[in-house]
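Summary of the model geometry
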Amino acid sequence: MLNEMIKSVLEQDRASIVLCDLHHTIVYMNPSAKMRYGKRGGAALIGKSLMNCHNEKSCEIIEKIVSWFAESPANNMIYTFHNEKENKDVYMVALRDNAGNLIGYYEKHEYRNAETAGIYDFTKSLV
């Protein structure tokens, strides 16, 4: 039941969520990510290396961040940039198992725009 609930949280999020293992293989993309990265392959990116989507400098930074995550269970999130066009902050976040071992990572998008829907507006779907 919990796994279904967690998957539902990921599936309903309006921000793109792409989960990668420690080999940088994309293991999951939520519907928002599949749409956002549609021109790059969308759902077909699952099973492929995230590194194929980045330039050499970005790949080096990703490797450095993953190494930092591996250094300590306390190293779990790092700010990577602000996207001015979309008014969002972007972070990389460590994924850990129950014992605290690093098992992967994902990129977290936090949008800064105020919500445009009315409070408790049952006439609109926000997804």
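Note: the structure precedes this text.
These remarks concern the structure in this document. If you're wondering where the values come from, they're calculated on a predicted model, not measured in any experiment.

With respect to the environment of Gly100
- In this structure, Gly100 sits in the loop between β4 (88–96) and β5 (102–111).
- A C-alpha to C-alpha distance of 29 Å links Gly100 and Ala43, two positions 57 residues apart in sequence.

Observations concerning the nonpolar core
- By size, the foremost hydrophobic cluster in this structure holds 18 residues, and its most contacted members are Val18, Ile26, Met29, Ile62, Phe69, Met92 and Tyr105.
- Sorting the residues of this core by element identifies β1 (18–21), β2 (26–29), α3 (56–71), β4 and β5 as the ones contributing at least two each.
- For this core, the element with the most residues is α3, which contributes 5 residues.
- Ranked by size, the runner-up nonpolar core spans 6 residues in total, among them Leu19, Tyr28, Val93 and Tyr106.

As for the pattern of salt bridges
- Counted by the stated rule, this structure contains 6 salt bridges.
- Between Arg14 and Glu115 there is a salt bridge; the shortest N-O distance is 2.9 Å. In this pair, Arg14 is assigned in the loop between α1 (2–12) and β1 and Glu115 in the segment after β5, connecting sequence segments 101 residues apart.
- When its relative accessible area of 46% is taken as the criterion, Arg14 is described as partly exposed.
- Its salt-bridge partner being Lys88, residue Glu86 comes within 3.5 Å of it at the nearest N-O pair.
- One network of salt bridges, in which partners are shared, links Asp89, Lys108, Glu110 and Arg112.

Section: the layout of surface pockets
- Approximately 720 Å³ is the volume attributed to the largest pocket.
- Lining the largest pocket are 29 residues, with Tyr37, Arg40, His54, Phe81 and Glu107 positioned closest to its centre.
- Among the elements of the structure, β1, β2, α3, β3 (77–83), β4 and β5 are those that each provide at least two residues to the lining of the largest pocket.
- For the lining of the largest pocket, the element with the most residues is β3, which contributes 5 residues.
- Looking at the lining of the largest pocket, its residues break down into 17 nonpolar, 6 polar and 6 charged.
- There is about 280 Å³ of room inside the second largest pocket.
- Along the walls of the second largest pocket sit Asp13, Arg14, Ala15, Ser16, Ser32, Arg36, Tyr111, Asn113, Ala114 and Glu115, which together make up its complete lining.

Quick word on the sheet that holds β1
- If you walk across this open sheet you meet the 5 strands as β2-β1-β5-β4-β3, and the pairing is antiparallel. The open sheet is flanked by β2 and β3, the only strands paired with a single partner. Pairwise comparison of adjacent strand axes, ignoring direction, gives a mean angle of 20° for this sheet.
- Helix-sheet contacts for α3 involve β3, β4 and β5, and the interaxial angle to β4 is about 50°.

Rules of the game
- Residues numbered from 1 in each chain as written.
- Predicted model: local features only at pLDDT ≥ 70, side-chain atom pairs only at ≥ 80, totals over all residues.
- Heavy atoms only, no water.
- Helix = DSSP H or I, 4+ residues; strand = E, 2+ residues; numbered from the N terminus.
- Core = buried A, V, L, I, M, F, W, Y, C linked by side-chain atoms within 4.5 Å.
- Buried < 20%, exposed > 50% of the residue type's maximum accessible area, 1.4 Å probe, protein only.
- Salt bridge = Lys/Arg side-chain N within 4 Å of Asp/Glu carboxyl O.
- 1 Å grid on protein atoms, 1.4 Å probe; cavity = no way out; pocket = protein on both sides within 12 Å on 5 of 7 lines; lining within 4 Å.
- Points joined across faces, edges and corners; volume = space filled by probe spheres on them.
- Nonpolar A, V, L, I, M, F, W, Y, C, P; charged D, E, K, R; others polar.
- Pairing = 2+ DSSP bridges.
- Axes fitted to C-alpha atoms, helices over the stretch in contact; angles between N-to-C directions.
- Contact = heavy atoms within 4.5 Å.

In short, geometric facts, not functional conclusions.
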